Amino acid sequence: MVFWSEKDNNIPKIKGVKLSGNAASGSIIDVDVEIGANNSGESTNQSVAYDPTTGKYLSVHMYNQTGQFGMVGKLFTSTDQTQAQFPIDGPFVYTNDSPNHPEIAVSSNGMFGVVFTTNTGFFTSSKIAFKAVNASNATVIPAPVADTQNGIELTDVQSSSADIAWNSQAGVFGIVYHSGTTTNSKIMYVSVNETGTIVTAPTEIHNIGNTVDFPKIKEDGDGFAVICQDYSKVNFEGETELSGTPAIILKRISASGVVKEMSGDVNLVNTINKSVLMSNPYLAAAYIHFDFTVSASNSKYGVVWATQDAPYQIQFAEATFTGDVVVTSEPVNVSVSSSAVPLNCSL
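Keep in mind it's a predicted model, so treat the numbers as computed, not measured. All residue numbers refer to positions counted from 1 along the written sequence of the respective chain. Residues qualify for local features only when their pLDDT is at least 70, as the model is predicted, and side-chain atom pairs are given and counted only at 80 or more; totals for whole chains, interfaces and linings, by contrast, use all residues. Side-chain metrics in this entry use all non-hydrogen atoms of the structure; hydrogen atoms and water are not considered.

### Describing the overall build of the protein
A run of DSSP states H or I qualifies as a helix once it reaches four residues; a run of E qualifies as a strand once it reaches two. Both are numbered from the N-terminal end. If you tally the helices and strands in the protein, you get 0 helices and 29 strands. In the protein, buried positions account for 48% of the 347 residues. Of the roughly 15000 Å² of accessible surface on the protein, 49% is carried by carbon and sulfur atoms. Classification of residues uses two cut-offs on accessible area relative to the type maximum, computed with a 1.4 Å probe and protein chains only: under 20% is buried, over 50% is exposed, and between them is partly exposed. Only the protein chains shown count as covering a residue, and every accessible area follows the Shrake-Rupley method with a 1.4 Å probe.

Here you go:
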């Protein structure tokens, strides 16, 4: 399934289409989620996940309508989108202190985990919070209360850009997020069970003493794989040192947040922070839109990202591990535009 936001008679809706091979098959799924005439339908304010055990999708989005704000959900199937929306957090009267940027994963038992940022207006007080949604009956845990944020707070303040994945072997949701000020930030990890009880307390997994941001996490065998945007200094052999050019890095962690060792090409592998450079900052700076997939657990990973400067490109590279030894492919261009800025890319 591919989902997107679009305006229908100036009313933003979430829509989707089922793909078969290289072409769409079946009818377009109009999820019929109206997210408010004053809401742009920005992709960072909406997320969709699929539960194979019940055959249901959960769409979570922010809405802004008639002076009220909130985070709502809708459960639906590929053949039935008639169910009503239900509140997940709020609704609230106008306030800067409102939830935003939801991300969703689903457990092996049909329980969706939703993480979101608690404060859209002030990063200094924002935290990452969690709610669970039962795929069978749309029960929300904790149940929403009007004008009260009651998501389970998992982090301290100055936290944002959360992502979530389920690990079936460990039985936990793994959550990564950005913490700290822009030029002294770090990537943190926390895990919870299906109802939001913390299993692994917030743990630092990436810190370069500079800017790191927008982490993404995927299940990877008994642990997780993580990518993020990284502003490390880079000094390839025979080249001038680069500083302040954003790149994409990949690392692997256990379900308890222990970063796994890795080795390989000294130009690409940082054995101190245990990461491998996926993009080539000498060729192009990596933009804030990127994604990846684990094509073989603990072994093979594909990463895609947008570049930051013209000519704008979508680039792709692979990382293959044998034990802790990693080999990466050269980044290849899969799309190039001289004028259009890439807004999103995913695997």
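### Thoughts on unusual backbone geometry
Cis geometry marks the peptide bond from Ile141 to Pro142; its omega dihedral reads -10°. Mapped onto the elements of the fold, Pro142 is located in the loop between strand E13 (140–141) and strand E14 (152–153). Here the amide bond leading from Ala310 into Pro311 is cis, since omega sits at -5°, within 30 degrees of zero. For Pro311, the position within the fold is in the loop between strand E26 (300–307) and strand E27 (312–322). The phi dihedral of His101 falls on the positive side, at around 55°, and the residue is not glycine. Structurally, His101 can be placed in strand E10 (residues 100–106). In this model, Gln158 sits at a positive phi of 60°, which is unusual for a non-glycine residue. Along the chain, the position of Gln158 falls in the loop between E14 and strand E15 (159–167). Residue Gln158 is classed as partly exposed on the basis of its relative accessible area, which comes to 23%.

### Comments concerning the pairing of strand E12 (residues 128–134)
Regular strands place their side chains on alternate faces of the sheet. The element E12 is largely enclosed, with a buried count of 6 among its 7 residues. Examined bridge by bridge, strand E11 (residues 111–117) and E12 share 7 bridges and lie antiparallel to one another. Opposite Phe116, over in E12, you have Ala129 as the bridge partner. Bridge count between E12 and E14: 2 bridges; the pairing is antiparallel. From the neighbouring strand, Ala129 faces E14, where its bridge partner is Glu153. Of the strand pairs in this sheet, E12 and E13 are connected by 2 bridges, and their pairing is antiparallel. Residue Ala132 lies in a different strand from E13, and its bridge partner there is Ile141. Any two strands are treated as partners once DSSP identifies two or more bridges connecting them. In textbook terms, the turn of a hairpin is the stretch between consecutive antiparallel strands, and for E12 and E13 this stretch comprises 5 residues, one of which, Ala138, has a positive phi near 65°.

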